[in-house]
Amino acid sequence: MDLVTFLGVLAALFVVIGVGQPLAIWLRLPFTVLLAMIGILIGAGAGYLLSTELTDAFDPLASTILDFPVGSQTFLYVFLPTLLFQVALTLNLRRMLDDWVPILVMAVLAVVIATFTIGFALLPFAAQPLVVCLLVGAIVATTDPSAVVGIFREIGAPRRLTRLIEGESLLNDAAAIALFGLFVTLTLPGAGDPALQAQWLAFILQLGLGAVSGYAIARILVVVMDWLRGFRLAQVSLSLALPYITYIAAEQLLSVSGVVAVVAAGMTLNLTGPARLSPANWGYLRDTWELLAHWAGSLIFILAAILVPRLLDDVTWVDVGLVGVVVVAAMVARAVTLFGVLPLLGMFRLSPPISPAFRFVILWGGLRGAVTLALALAVTESAVIPPDAQRLVAVLATGFTLFTLLVQGTTLRPMIRWLRLDRLPPLEAALQNQVVAVALQTVREEVAETAKRHQLTKDIVRSEAKSFGARLDTAVKAAEKAQEILDRDRLTLGLVTLAGREREMILEGFRERTISNALIERMLSDAARLIEATRSGGRSAYRSTARKNTAQGWGHRIAYLLHRHLRISRPLADLVAARFEVLLITRMILSDLHEFVDTKIQRIHGRRVTDLLHEVLHRRAEELDRDIAGLRLQYPGYAEQLERGFIRKALLRLEEREIEASFDDGLIGADLYNSLRRSIAARRRAAETRPRLDLSLHKREMVERFPLFAGLSPQQQRRLARALVTIFAEPGETIIRRGAPVRAVFFIASGAVEREVGGQRQRLGNGEMFGEISMLAGKRVRRGRVRAITHCTLLRLDEARFLRLLRRLPELREAVLGNAEDRGADIEDIEARIESG
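None of these values were measured; they are calculated from a predicted model.

## Quick notes on the overall build of the chain
From N to C terminus, the chain includes 32 helices and eight strands. The burial tally for the chain puts 49% of its 837 residues in the buried class. Put simply, of all contacts in the chain between residues at least 6 apart along the chain, 79% involve residues at least 24 apart. Element-wise, carbon and sulfur atoms account for 59% of the exposed surface of the chain, whose accessible area totals about 40500 Å².

Structure follows, in C-alpha cells:
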C-alpha cells in the first residue's frame with residue numbers, strides 16, 4: 001500500500017469520526033455502537049466489491065481497506081495504552097478510593113467469574129479442551145463502558161455509580177488480558193499440565209509487579225517534567241511518551257502486565273502532576289489527552305469492526321448456537337456479581353447501595369468492544385495455536401461482540417426509559433428548578449446594570465425585560481411549588497446548593513492562583529463528596545462529611561507512627577501543613593457563603609430555611625476555628641506564614657490583572673508587558689512554595705513556653721527538645737490506660753486532658769504535666785486513666801531523661817514533689833528514686 005492511499009483512507013476514517021458523533025446523537029444511539037455499525041458496513045462492502053464480478057473499478061479501494069495495516073499488535077501497542085492512560089489520567093482517584101472494594105470486586109472477581117462460567121458452559125458443546133473454552137471466556141470477559149457511561153451522564157445518574165463503571169473497565173482490561181496470556185500459553189502444543197497454584201501466583205505477580213513498574217517509570221518522568229517547568233509542549237510530549245515506554249518496558253523487558261503498568265503510570269501522573277505543572281500546562285495536557293483518546297477510541301472501533309466480516313467468513317448454525325451459550329453464560333456470570341456479590345458488600349458497607357434498576361442497566365450495558373476483537377485477532381494471527389481453536393475463538397468472540405453492540409447497545413436507551421431512570425426524582429427536579437431560578441435572577445440583575453451603563457433605549461429594554469420577567473416568574477413559581485416539598489427537603493436543597501457554590505469558589509481560587517496546585521484535586525474531591533453525601537443524607541450527612549473532609553485521616557495516623565517510633569518527620573510535616581492550609585482556605589470560603597445565602601438562596605426558600613443554613617455554616621465555622629486554634633498553638637508562627645502567602649498570591653493576581661488590562665488598552669508595549677509577566681511569574685513561584693513545617697523547630701518553641709523549663713540554658717533547651725517526642729492526641733483518645741505501667745512523663749503543649757484517679761476527675765491544660773507520680777512511684781495505674789478531651793499536642797519524655805532533668809531543675813523538682821504530696825504519695829520514696837535514678 002502506497003503512502004498516498006494510506007493517508008487517503010485514514011483521512012476518510014477521520015471524516016467518519018467527525019460526522020459520526022452528531023449522527024449518533026440524532027439517531028439516539030451510543031457513539032461507539034454507531035462506529036461499529038459503520039465499520040462492519042465498510043468491511044462487508046469492501047469484501048463484496050472485491051468478490052463481485054459486476055465491476056472491478058473499485059477493487060483497488062476495496063483491497064486497500066481490507067489490507068489496511070492493522071493487526072492485533074497495532075491494537076494492543078498503539079491504541080490500548082492511549083485509551084487506558086487517558087482514563088487513568090482523568091479519573092477522580094481520590095473519590096475512587098472511597099469505592100476501591102467494589103471496583104476491585106467488579107474488575108477482578110467479575111472477570112474471573114465470567115471466564116470460568118463461560119468456559120465450563122462451553123465445554124460440553126464446543127468439542128475443544130477446557131483451556132480453549134477458558135481462553136474464550138477470558139477474551140469476552142472485558143467490558144467497554146463508554147456507551148453506558150455516556151447514557152448515565154445524560155440521565156444524571158449518581159456520579160458514584162459512573163465511577164464504579166469506569167473503574168471496573170479500567171482494571172478489568174488488565175485482569176482479562178493477564179488471564180488471556182495465561183490461557184494462550186496453556187493452549188500451545190506441548191504445554192504440560194501446570195500446577196494451578198503456581199499459575200495463579202504468576203497471575204497475581206504479573207498484576208502486582210506491573211503496578212510497581214508503572215509507578216516507578218511515571219515517577220521518573222514526573223521529575224523530568226518538573227525540570228521542564230514552563231515548557232508546556234515539552235511536558236506534553238513527555239506525557240505522550242510515558243504510556244508507550246511503560247507498556248513496552250513492562251511487556252518486553254520485565255514480562256509483567258503492561259496494561260496494569262500503564263494504568264499505574266496514568267494514576268501516578270494524575271496524583272502528582274497538578275503539583276508539578278502549572279494550572280495552564282496541566283489543563284492543556286489533559287485536553288490534549290482527551291483529544292488523543294477520542295481519536296484512538298473511535299479508530300479502534302471502526303478498524304476492529306472492519307475485520308468482523310473476515311472473522312465470520314465461514315460461520316455455521318452450530319456456531320450461532322455456541323454464541324447463544326456464551327451470551328447466556330456471560331449474562332449469568334455478570335448477574336452473579338451484580339445481584340449476589342455487590343449486595344453482600346453493601347451489607348458490610350463496603351459498597352454504595354445500588355438500586356435494582358441501575359443494576360439491570362449495568363447488566364444489560366456490559367458491552368464488548370475493540371479489546372475483545374483485538375484479543376481474538378491475536379489468536380488468529382498465532383501460528384502455534386491449533387487452527388480449530390483459532391476458528392472457535394474468532395467466531396465466538398466476534399459473534400458475542402456483535403450481539404452486545406447490535407442488540408444490547410441499541411436497546412439500552414429504551415430499557416432505561418422503560419425503567420424510568422431518565423426521569424429526575426422529585427428532589428433533583430426541585431434542585432434543577434432552584435438552579436434555574438437563581439441563574440435567571442442573576443442574569444436579570446446583570447442585564448439591568450448593563451442597560452443602565454450603556455444607556456440603551458428604554459422602550460426596547462422595557463419590552464425585553466417584560467418577556468424575560470415572565471420567564472423568570474415561571475422559573476420562580478416552579479422552584480416555589482412549596483406545598484409538597486418539606487422544609488427538611490428544602491434545607492437539603494439549600495445545602496446541596498451551598499456545597500456546589502463551595503466547589504465553584506474553590507475553582508475560582510485555583511484560577512486566581514490563591515489555591516495551590518497541590519491542594520486543588522483534594523479540595524475538589526472533598527467538595528464533590530460533600531455534594532453527593534448531602535443529596536443522599538441531608539443535613540446530618542453534610543455536617544459529618546464536612547467534618548471528615550478536614551479531619552486527620554489514616555494517612556495522618558501512619559505518618560504519626562513513623563514520626564513517633566522511627567523519627568521520620570517529613571510525611572507528618574507535609575500532611576499537617578496541607579491540613580493547616582485547607583482549614584484556612586475553607587474558613588475563608590465559609591465566610592463568603594453567608595452572603596451567597598442572603599443574596600441567592602433566600603429568594604427561593606425563604607427566611608426559615610435561610611436561618612437554618614446560616615446556623616449550619618456557623619457550626620461548621622466554629623469547628624474549623626477550634627481546629628485552627630489548636631494548630632496555631634501547636635505551631636506558632638506557621639499560620640502567619642500561610643496567611644502572608646495567601647495575601648501575596650492575591651496581590652500578585654491583582655497586579656497581573658492590571659498589567660493585562662494596560663496591555664490590552666495599549667498603554668504598555670509588548671516588551672514591557674513580557675518583562676512584567678516574567679517578574680510576576682518569578683515572585684509567584686516564591687509565593688506558591690508552601691513554607692516548610694519543621695516539627696523539631698516547633699518543639700523548641702514549645703519548650704521555651706514552659707515555665708518549668710525556664711531554668712535551662714538555650715543549649716540545654718535544644719537538647720531537651722531533641723529528646724522530647726511529640727504526640728498528637730484526638731478527643732477521646734486514651735493516653736494512659738488502667739493497669740498499664742507508666743514509663744514516661746507527658747507535658748501538655750496545647751489542648752487539655754482529663755485525669756481520672758479513684759473515681760475523681762481532674763482536668764489539666766497547657767503547661768501542665770502528668771504521669772510523673774506513677775512513674776516515680778513505680779506503680780501501675782490501677783484505678784485511673786488519662787484521656788484527651790480536645791485535640792492535644794503532648795511532649796513525651798522517657799524515664800531516664802526525666803530523672804536527670806529533675807536533678808538539674810529545682811523548680812521542676814518542687815512541682816513534682818508538690819503534686820505527689822497533693823495526691824498522698826510517699827515523698828521520701830520519690831526523693832530517693834530521684835537521687836538514685
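## Here's the deal with the sheet that holds strand S3 (residues 744-750)
Read across the sheet, four strands follow the order S1-S8-S3-S6 without closing on themselves; strand pairing throughout is antiparallel. One side of each edge strand has no neighbouring strand; the edge strands of this open sheet are strand S1 (725-729) and strand S6 (769-770). Across five bridges, S1 lies against strand S8 (residues 792-798) in antiparallel orientation. Residue pairing in the sheet places Ala729 in a bridge with Cys792 of S8. In this fold helix H30 (residues 799-808) packs onto S3 and S8, with an angle of close to 85 degrees to the strand it touches most, S8.

## Remarks on the environment of Gln408
Along the chain, the position of Gln408 falls in helix H18 (residues 387-418). Separated by 44 residues in the primary sequence, Gln408 and Trp364 place their C-alpha atoms 6.2 Å from one another.

## A closer look at empty space enclosed by the protein
Evaluated as defined, the whole model comprises eleven cavities of 30 Å³ or more. Computed from the structure, the second largest cavity encloses a volume of approximately 90 Å³. If you trace the second largest cavity, you find it lined by Glu502, Ile506, Met523, Asp526, Ala527, Leu530, Asn549, Thr550, Val582, Thr586 and Arg620. For the lining of the second largest cavity, the secondary structure elements donating two or more residues are helix H21 (487-511), helix H22 (517-550) and helix H24 (570-634). With six residues, H22 is the single largest residue contributor to the lining of the second largest cavity.

## Details of the nonpolar core
If you look at the biggest cluster of nonpolar residues, it comprises 136 residues, and the most contacted ones within it are Phe75, Leu122, Ile139 and Leu303. Setting aside its immediate chain neighbours within four residues, Phe75 contacts Val70, Leu80, Ile300, Leu303, Ala304, Leu307, Ala374 and Leu377. The next biggest cluster of nonpolar side chains, apart from the first, holds 91 residues, and it includes Leu617, Ala621, Leu812 and Leu817.

## Considerations on the pattern of salt bridges
Pairing between side chains of opposite charge can happen when their charged atoms approach one another. Considering all chains together, one arrives at 21 salt bridges under this definition. Note that Arg677 is salt-bridged to Glu660, the shortest N-O span being 3.9 Å. Remark: Glu660 occurs in helix H25 (residues 638-664) and Arg677 occurs in helix H26 (residues 670-688); sequence separation between them is 17 residues. A relative accessible area of 30% means that Arg677 is categorised as partly exposed.

## A look at the sheet that holds strand S4 (residues 753-757)
Reading across from one edge, S2-S7-S4-S5 is the order of the four strands in this open sheet, with antiparallel pairing throughout. Here the strands that pair on one side only, and so sit at the sheet edges, are strand S2 (734-736) and strand S5 (760-764). In this sheet, adjacent strand axes meet at a mean angle of 25 degrees when their direction is disregarded. Sheet topology places S4 next to S5; five bridges connect them, and they run antiparallel. Residue pairing for S5: Val753 is matched across the bridge by Leu764.

## A closer look at the packing of helix H11 (residues 232-254) against helix H13 (residues 279-306)
Where H11 contacts H13, the axes come no closer than 10 Å and their chain directions differ by 45 degrees. Classified by the angle between their axes, H11 and H13 sit oblique to one another. Our pair here, H11 against H13, has a crossing hand that is right-handed. Residues Arg232, Leu233, Gln235, Val236, Ser239, Leu240 and Pro243 of H11 lie in contact with H13, whose contacting residues are Asn281, Tyr284, Leu285, Thr288, Trp289 and Leu292. Among the residues making up the contact of H11 with H13, the classes are represented as eight nonpolar, four polar and one charged.

## Quick word on a positive patch on the surface
Taken together, the side chains of Arg700, Arg718, Arg719, Arg722, Arg804, Arg807 and Arg808 make up a positively charged region of the molecular surface. At the level of elements, helix H28 (714-723) and H30 are the ones that each hand at least two residues to the positive patch. Turning to its location among the elements, Arg808 is positioned in helix H30.

## Some words on the packing of aromatic side chains
In total, this model carries nine aromatic pairs according to the counting rule given. Between Phe746 and Phe770, the ring centres sit 5.2 Å apart and the planes meet at 10 degrees, which makes this aromatic pair stacked. In this pair, Phe746 sits in strand S3 while Phe770 sits in strand S6, placing the two residues 24 residues apart along the sequence. The exposure classification of Phe746 matches that of Phe770, with both residues buried. Through successive ring pairs, a cluster of aromatic residues spans Phe116, Phe120 and Phe183. One residue, Arg232, lies across the ring of Tyr284, its end atom 4.2 Å from the ring centre.

## A few points about a nonpolar patch on the surface
Together, Val15, Val19, Leu23, Trp26 and Leu27 give the surface a local cluster of nonpolar side chains, amounting to about 510 Å² of exposed area. With respect to the helices and strands, the residue Leu23 is situated in helix H1 (residues 3-27). Since its relative accessible area comes to 32%, Leu23 is described here as partly exposed.

## Observations concerning the environment of Ala518
Inspection of the secondary structure puts Ala518 in helix H22. On a C-alpha basis, the gap between Ala518 and Pro274 in space is 6.1 Å, while along the polypeptide they are 244 residues apart.

## Some details on H21
One turn of the α-helix equals 3.6 residues, which is why residues spaced by three or four share an orientation. Its 25 residues give H21 an end-to-end C-alpha distance of 36 Å, which sits within 8% of 36 Å, the value for a rise of 1.5 Å per residue. At the C-terminal side of H21, Arg513 shows a positive phi close to 65 degrees.

## Focus on the confidence of the model for the chain
Mean pLDDT over the chain stands at 80; residues scoring 70 or higher make up 88%. When pLDDT is averaged over each element of the chain, H11 comes out on top at 91 and helix H8 (residues 146-155) at the bottom at 66.

## Observations regarding the packing of helix H4 (residues 72-90) against H11
Where H4 meets H11, the closest approach of the two axes is 10 Å, and the angle between their N-to-C directions is 120 degrees. In this view, H4 runs oblique relative to H11, as classed from their interaxial angle. Along this stretch, H4 crosses H11, giving a crossing that reads as right-handed. Between H4, through Leu76, Tyr77, Val78, Pro81, Thr82 and Phe85, and H11, the contact on the second element is made entirely by Ser239, Leu242, Pro243, Tyr244, Tyr247, Ile248, Glu251 and Gln252. Residues belonging to the contact of H4 with H11 are distributed by class as follows: ten nonpolar, three polar and one charged.

## Examining the environment of Pro356
Tracing the backbone shows Pro356 in helix H16 (residues 356-364). Measuring from C-alpha to C-alpha, the distance between Pro356 and Leu338 comes to 9.0 Å, with 18 residues separating the pair along the chain.

## Focus: helix H17 (residues 370-381)
Over its twelve residues, H17 extends 16 Å from the first C-alpha to the last, a length consistent with the 16 Å expected when each residue adds 1.5 Å. Buried residues dominate H17, accounting for ten of its twelve residues. Regarding H17, the residues found buried are Ala370, Val371, Thr372, Leu373, Ala374, Leu375, Ala376, Leu377, Ala378 and Val379.

## Looking at unusual backbone geometry
Residue Arg28 is not a glycine yet carries a positive backbone phi of 60 degrees. The residue Arg28 is located in the loop between H1 and helix H2 (31-51) in this model. Even without glycine at this site, Ser255 takes up a positive phi of about 55 degrees. Relative to the assigned elements, Ser255 resides in the loop between H11 and helix H12 (258-276).

The rules behind each value
Residues numbered from 1 in each chain as written. Predicted model: local features only at pLDDT ≥ 70, side-chain atom pairs only at ≥ 80, totals over all residues. Heavy atoms only, no water. Helix = DSSP H or I, 4+ residues; strand = E, 2+ residues; numbered from the N terminus. Buried < 20%, exposed > 50% of the residue type's maximum accessible area, 1.4 Å probe, protein only. Contact = heavy atoms within 4.5 Å. Areas by Shrake-Rupley, 256 points an atom, 1.4 Å probe, with all protein chains shown as cover. Pairing = 2+ DSSP bridges. Axes fitted to C-alpha atoms, helices over the stretch in contact; angles between N-to-C directions. 1 Å grid on protein atoms, 1.4 Å probe; cavity = no way out; pocket = protein on both sides within 12 Å on 5 of 7 lines; lining within 4 Å. Points joined across faces, edges and corners; volume = space filled by probe spheres on them. Core = buried A, V, L, I, M, F, W, Y, C linked by side-chain atoms within 4.5 Å. Salt bridge = Lys/Arg side-chain N within 4 Å of Asp/Glu carboxyl O. Parallel < 35°, antiparallel > 145°, perpendicular 65-115°, else oblique. Left-handed = near helix turned anticlockwise from the far one by under 90°. Nonpolar A, V, L, I, M, F, W, Y, C, P; charged D, E, K, R; others polar. Patch = residues over 30% accessible without salt bridge, like charges linked within 9 Å, V, L, I, M, F, W, Y side chains within 5 Å. Lys, Arg positive; Asp, Glu negative; His and termini not counted. Charge placed at Lys NZ, Arg CZ, Asp CG, Glu CD. Phe/Tyr/Trp six-rings, centres within 6.5 Å; stacked < 30°, edge-to-face > 60°. Lys NZ or Arg CZ within 6 Å of the ring centre and 35° of its normal. Expected span 1.5 Å × (residues − 1). pLDDT = per-residue confidence, 0-100.

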